[in-house]
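Spelled out from the first residue to the last, the chains are:
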Amino acid sequence: MTAARAIEVLNFTPLNGKSIRIMYSHRDPSVRKSGSGNIFIKNLDKAIGQKALHDTFSTFGNILSCKIATDSTGQSKGYGFV
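So, how was this worked out
Residues numbered from 1 in each chain as written. Predicted model: local features only at pLDDT ≥ 70, side-chain atom pairs only at ≥ 80, totals over all residues. Heavy atoms only, no water. Helix = DSSP H or I, 4+ residues; strand = E, 2+ residues; numbered from the N terminus. Buried < 20%, exposed > 50% of the residue type's maximum accessible area, 1.4 Å probe, protein only. Contact = heavy atoms within 4.5 Å. Areas by Shrake-Rupley, 256 points an atom, 1.4 Å probe, with all protein chains shown as cover. Core = buried A, V, L, I, M, F, W, Y, C linked by side-chain atoms within 4.5 Å. pLDDT = per-residue confidence, 0-100. Pairing = 2+ DSSP bridges. Axes fitted to C-alpha atoms, helices over the stretch in contact; angles between N-to-C directions.

> So what about the overall build of the chain? Which residues, and what values?
Looking only at helices and strands, one finds three helices and five strands in the chain. Reading the secondary structure of the chain in the N-to-C direction produces α-β-β-α-β-α-β-β. Scored against the burial criterion, the 82 residues of the chain give a buried share of 21%. Across the chain, the fraction of contacts at a sequence separation of at least 24, relative to all contacts at a separation of at least 6, is 43%. Accessible area of the chain: about 6200 Å², with a carbon and sulfur share of 55%.

> Could you give an account of the nonpolar core, with specific residues and numbers?
Judged by nonpolar contacts, Ile 41, Leu 44, Leu 53, Ile 63, Cys 66, Ile 68 and Val 82 together constitute the single largest core of seven residues. Beyond its immediate stretch of four places on either side in the chain, Ile 41 contacts Phe 57, Gly 78, Tyr 79, Gly 80 and Val 82.

> Explain the confidence of the model for the chain to me, and be specific about the residues and the numbers.
Interpreting fine coordinate detail is not advised for predicted regions of low pLDDT. Of the residues in the chain, 89% reach a pLDDT of 70 or more, and the chain-wide mean stands at 82. Looking over the chain, one finds the lowest element-wise mean pLDDT in helix α2 (residues 29–33), namely 66, and the highest in strand β5 (residues 76–81), namely 91.

> Go over the sheet that holds strand β4 (residues 67–70), please, and point to the residues and values.
Strand order in the open sheet formed by three strands is β3-β5-β4, with antiparallel pairing between adjacent strands. Bordering the open sheet on either side are β3 (40–42) and β4, each of which pairs with just one other strand. Neighbouring strand axes in the sheet, compared pairwise and without regard to direction, differ in orientation by 30° on average. Here three bridges tie β3 to β5, and the two strands are oriented antiparallel to one another. Its bridge partner being in β5, Phe 40 is matched across the sheet by Phe 81.

> So, unusual backbone geometry: which residues are in play, and what are the values?
Positive phi outside glycine occurs at Asn 43, with the angle close to 60°. Tracing the backbone through its elements, the reader meets Asn 43 in the loop between β3 and α3 (50–57).

> Describe in detail the environment of Ser 58, supporting the description with residues and values.
Position of Ser 58 relative to the elements: it lies in the loop between α3 and β4. Distance in space between the C-alpha atoms of Ser 58 and Val 82 is 9.6 Å, their sequence separation being 24 residues.

> Please set out the side chain of His 54 residue by residue, giving values where relevant.
Positionally, His 54 belongs in helix α3. Residue His 54 is classed as buried on the basis of its relative accessible area of 19%.

Below you can see the structure in the form of structure tokens.
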């Protein structure tokens, strides 16, 4: 299975009660820490999941990472990052 196929098939699959995120590894620290393209999203409805957030923003281009902040019970904190 190629990396692209793994992301397509397995991204957001539940594992031990949590949705997993799969993304390409970026070993160059300058790429990871550049901050270019990172978006902070606030005031999210608590019913919105990571897949819905990803699908919403994927119309604007390739998404490297998408995550909604959650508390210790797994409940959305109402913000996330794309």
